[in-house]
Amino acid sequence: MASNPFGMRPGIILLREGTDTSQGKPQLISNINACYAVADAVRTTLGPSGRDKLVFDGSRVTISNDGATIMKLLEIEHPAARTLVDISMSQDAEVGDGTTSVVMLAGEILQQIKPLVEEGVPPQIIRRHLSEAGQLAVQKVLDMAVSFEGDQRKDMLLKCASTALNSKLIASHQDLFSPMVVDAVELLAAKNRLDDVNSLVGIKRIPGGDVRQSFWVQGVAFKKTFSYAGFDQMTKKFDNPKVLLLNVELELKSEKENAEVRITDPDQYQSIVDAEWQVIYDKMDACINCGANIVMSKLPIGDLATQYFADKGLFCAGRVPESDMKRVAQATGAAVQTTTSGLSESILGTSGVFEERQVGDQRFNVFTGCPSSLTSTIVLRGGTEQFIAESERSVHDALMVVKRAIRSGSVVAGGGAVEMQVSRHLKNHALTIEGKGQLVVNALAKALEVIPQQLSDNAGFDATDILSALRRKHAQEGSDEKWFGVDVKTGSVCDTFETGVWEPSDNKSNSFNAAVEAACVILSIDETIIAPKSQDPGANATGLMNGQGKPMSNMMNSAMAASQGGARTGQLGQGVSYMKGRG
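Since the structure is predicted, the reported quantities are computational estimates derived from the model, not experimental observations.

Let's shift gears to the overall build of the protein chain. In terms of helices and strands, the protein chain carries 18 helices and 22 strands. Put simply, the protein chain has 583 residues, and 48% of those count as buried. In the form shown here, the protein chain has an accessible surface area of approximately 28100 Å², with 48% of it arising from carbon and sulfur atoms.

Below, the structure written as structure tokens:
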């Protein structure tokens, strides 16, 4: 037998001491339970009767029933359960609404699949049939979708916005906020700029006052910035003003520490001081001579420039936030300048009216009648900071839903109607499948019923009776029965399409896709490895000795294990690793 060239047969240590590993069926069941626990944490927030969660992170209190917001604030540590956080954030980014339902649906799919895993059904078979059933569900949603165009468009968008706001704190003020949201998004849709909804539609919060005092500005509105002496003497309203946007500091600065100026005559010091003043005056004169009435800068505009501009009849504002500067540039057509040299009228923007308004206890700078009708601002009022913050999240969700509705061009009914119809479709399809796949498809069909069930529970009604009535309605082969969902006001069932509970079809498609994909990801995990944080990243993880009595490196250990037929995995050297994949 060939001798070992290293003088001994080494042990194989692949993982750092303290690493927690689990594999096989127990770890899969554990991951499913963790995901279901996450879904259980947000299920009571679903629907118009859903409750809010109060989350305190040690410094700030957040009250919300938005699934993505709650998922983010909970800071979930379980590695598998974080998959549900990811799909919630994805749903929020793609659609804006349905973040709670997608988490609940993913958790319920796994819960319905759990008995099959316990009985020994291979996860590969479950994943394959689950993915196929998910595609059938999405296709069914597309087949059910109702397109809208022409005169119906505005009405459809208003109802989609109202449905998105129906489960929020401002649900009783849909008549105020829905038209604001639709008008703001339609401005962008007319110029094919829907992707810029987050940057061109501003949402400003002003604590105090009544929520009904919220308003929409077709233009740009932003809070008055920090001002110096002389600001009160400025002109606060202009008709057809010329707007100059700068990224230049108009302020006298003291010399930096340890600055040194060498002079040979005392009179030279005064010439240096005069030169500094002349530089700032030249900058201000350049702004005035180009014909500007309003000067705004991202950087400070000091007291000297403020008083100088006030004397010349100009308005100025410094330290304007970058997001507001971009929106002003987009609205007025002005170009942001990084120098005051060579300013001309061609780089100036304009608007119909500029004025400073008092809103509550704050003052706002407002541009209206701008050449570009893309930008708009929604100003929110409310009694508490938490209420206004939740109102902002609600309006953002409604903006995204209307954007998605315009993109998809079709809607479906809410209230659990789509889930019940797709569930019936999958149950019928399962009867055509032989073997274990039938059980998987039925599990997905059963999981879809969690949405109407939870809507009933949150409204305080008997979910069993309502689900029975819905199954009976959807079992009837008729076009009128497919839109029956939960009536949370009366505790019965109704045609939710007729009552105006509408959602973009992309909302449901994305929700079903994301939930099924998340379940497939969890089912594909055959081993969970949780490595401890290293106290000394440079230290060796093993204490094995070679034939010469010297410690061997991690790289040598892994290489020796691989040479003797062991698994090549772990750290092979600085910046080099070997990972076994599925190709």
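That shown, we press on.
Tracing the backbone through its elements, the reader meets Glu-503 in strand β19 (residues 502–504). Here Glu-503 falls in the buried class, since its relative accessible area comes to 13%. Looking at Glu-503, its side chain comes within polar contact range of the side chain of Asn-507, at 3.3 Å. In this structure, Glu-503 is in contact with Cys-160, Thr-163, Ser-410, Val-411, Val-412, Gly-414 and Lys-508, ignoring residues within four places of it in sequence.

Counting through the fold element by element, Lys-25 comes out in helix α1 (residues 24–42). Contact partners of Lys-25, with chain neighbours within four places excluded, come to Val-117, Glu-118 and Gly-120. Only 3.2 Å separates the side chain of Lys-25 from the backbone oxygen of Glu-118, close enough to count as a polar contact.

Okay, the packing of helix α3 (residues 82–94) against helix α4 (residues 99–118) next. Where α3 contacts α4, the two axes come as close as 8 Å, and the packing angle between them is 145°. The handedness of the crossing between α3 and α4 comes out as right-handed. Residue-level inspection shows Leu-84, Ile-87, Ser-88, Gln-91 and Asp-92 of α3 in contact with α4, the latter providing Thr-99, Val-102, Val-103 and Ala-106. Classifying every residue of the contact of α3 with α4 by side-chain character gives five nonpolar, three polar and one charged.

Our next topic: α3. Spacing of three or four residues puts side chains on the same side of an α-helix, whose turn is 3.6 residues. Given a rise of 1.5 Å per residue, 13 residues ought to cover 18 Å, and the 18 Å separating the end C-alpha atoms of α3 matches this to within 8%. If you check which residues of α3 are buried, you get Thr-83, Leu-84, Val-85, Ile-87, Ser-88, Gln-91 and Asp-92. The positive-phi residue at the C-terminal boundary of α3 is Gly-96, with phi of around 100°.

Across the two faces of strand β3 (residues 61–64) the burial differs, with Thr-62 and Ser-64 buried and Val-61 and Ile-63 not buried at all. Examined bridge by bridge, strand β2 (residues 53–56) and β3 share four bridges and lie antiparallel to one another. Pairing of Val-55 across the sheet is with Thr-62, part of β3. Two successive antiparallel strands, β2 and β3, enclose a turn made up of four residues, where Gly-58 displays a positive phi of approximately 100°.

Moving on to the pattern of salt bridges. The tally for this structure, following the rule as stated, stands at 24 salt bridges. One network of salt bridges, with partners in common, ties together Lys-427, Lys-446, Glu-449 and Arg-471.

This part is about the sheet that holds strand β7 (residues 219–223). The strands making up a sheet are joined through hydrogen bonds of the backbone, oriented either antiparallel or parallel. If you trace the four strands from one edge of the open sheet to the other, you get β7-β14-β13-β8, paired in antiparallel fashion. The strands lining the two open edges of the sheet, one partner per strand, are β7 and β8 (237–239). Averaged over neighbouring strand pairs, the angle between their axes works out to 25° when direction is ignored. Taken together, the five bridges between β7 and strand β14 (residues 362–368) define a ladder with antiparallel strand orientation. What sits directly across from Val-220, in β14, is Phe-367. Packed onto the sheet, helix α11 (residues 322–332) meets β7 and β14 and runs at close to 155° relative to β7.

Okay, the sheet that holds strand β9 (residues 242–246) next. The four strands are arranged β11-β10-β9-β12 in an open sheet whose pairing can be described as mixed. Bordering the open sheet on either side are β11 (315–317) and β12 (349–350), each of which pairs with just one other strand. The pairing of β9 with strand β10 (residues 294–297) spans four bridges and is classified as parallel. Directly across from Leu-246, in β10, lies its bridge partner Ser-297.

What follows concerns the packing of aromatic side chains. According to the stated counting rule, one finds six aromatic pairs in the structure shown. Geometrically, the ring pair formed by Tyr-281 and Tyr-308 is edge-to-face, given 5.4 Å between the ring centres and 70° between the ring planes. Here Tyr-281 is found in helix α9 (residues 266–289), whereas its partner Tyr-308 is found in helix α10 (residues 303–311), with 27 residues between them in sequence. Note on Tyr-281: relative accessible area 26%, which makes it partly exposed. Given the relative accessible area of 17%, Tyr-308 is considered buried. A ring pair is formed by Phe-354 and Phe-367, whose centres lie 4.8 Å apart and whose planes are at 45°; its orientation type is tilted.

Take the confidence of the model for the protein chain next. On average, residues of the protein chain carry a pLDDT of 82, and 85% of them reach 70 or more. Between residues 537–583, whose pLDDT stays under 50, and residues either more than four places distant or in other chains, the model counts 51 contacts.

So, about the state of the cysteines. Following the criterion strictly, the structure yields zero disulfides and no others. With no disulfide of its own, Cys-290 lies 6.2 Å from the sulfur of Cys-287, the closest cysteine sulfur. Its relative accessible area of 7% is what places Cys-290 among the buried residues. Left unpaired, Cys-316 is separated from the closest cysteine sulfur, that of Cys-287, by 9.6 Å.

Thresholds, definitions, all that
The numbering scheme is per chain: residues are counted from 1 as the chain's sequence reads. Only residues with pLDDT of at least 70 get local features here, since the model is predicted, and only at 80 or more are side-chain atom pairs given and counted; chain-wide, interface and lining totals rely on the full set of residues. In computing side-chain properties, one takes all heavy atoms of the structure into account and sets aside hydrogens as well as water. Numbering goes from the N terminus for both helices and strands, where a helix is a DSSP run of H or I of at least four residues and a strand is a run of E of at least two. Three labels apply to residues, based on accessible area from a 1.4 Å probe with only protein chains included: buried if under 20% of the type maximum, exposed if over 50%, partly exposed otherwise in between. Note on areas: Shrake-Rupley with a 1.4 Å probe; residue coverage comes only from the protein chains shown. Think of a polar contact as two N or O atoms within 3.5 Å of one another; within protein, one of them needs to be a possible hydrogen donor and the other a possible acceptor, and neighboring residues in sequence only count if both atoms come from side chains. Any two residues whose heavy atoms approach within 4.5 Å at even a single point are treated as in contact. Angular values range over 0 to 180 degrees, each being the angle between N-to-C directions of two axes fitted as lines to C-alpha atoms, with helices fitted over their stretch in contact. Crossing handedness follows the turn of the near helix against the far one: under a right angle anticlockwise gives a left-handed crossing, and clockwise gives a right-handed one. Classification used: nonpolar for Ala, Val, Leu, Ile, Met, Phe, Trp, Tyr, Cys and Pro, charged for Asp, Glu, Lys and Arg, polar for all others including Gly. The span one expects for a helix is its residue count, reduced by one, times 1.5 Å. Strands qualify as paired when DSSP identifies two bridges or more between them. Salt bridge, as used here: a side-chain nitrogen of Lys or Arg that lies within 4 Å of a carboxyl oxygen of Asp or Glu. Here a pair means two rings of Phe, Tyr or Trp (six-membered ring of Trp) with centres within 6.5 Å. Their orientation is stacked below 30 degrees between planes, edge-to-face above 60, and tilted elsewhere. Note on scores: pLDDT gives the predictor's confidence for each residue, bounded by 0 and 100. In plain terms, two cysteine sulfur atoms within 2.5 Å form what is called a disulfide here.

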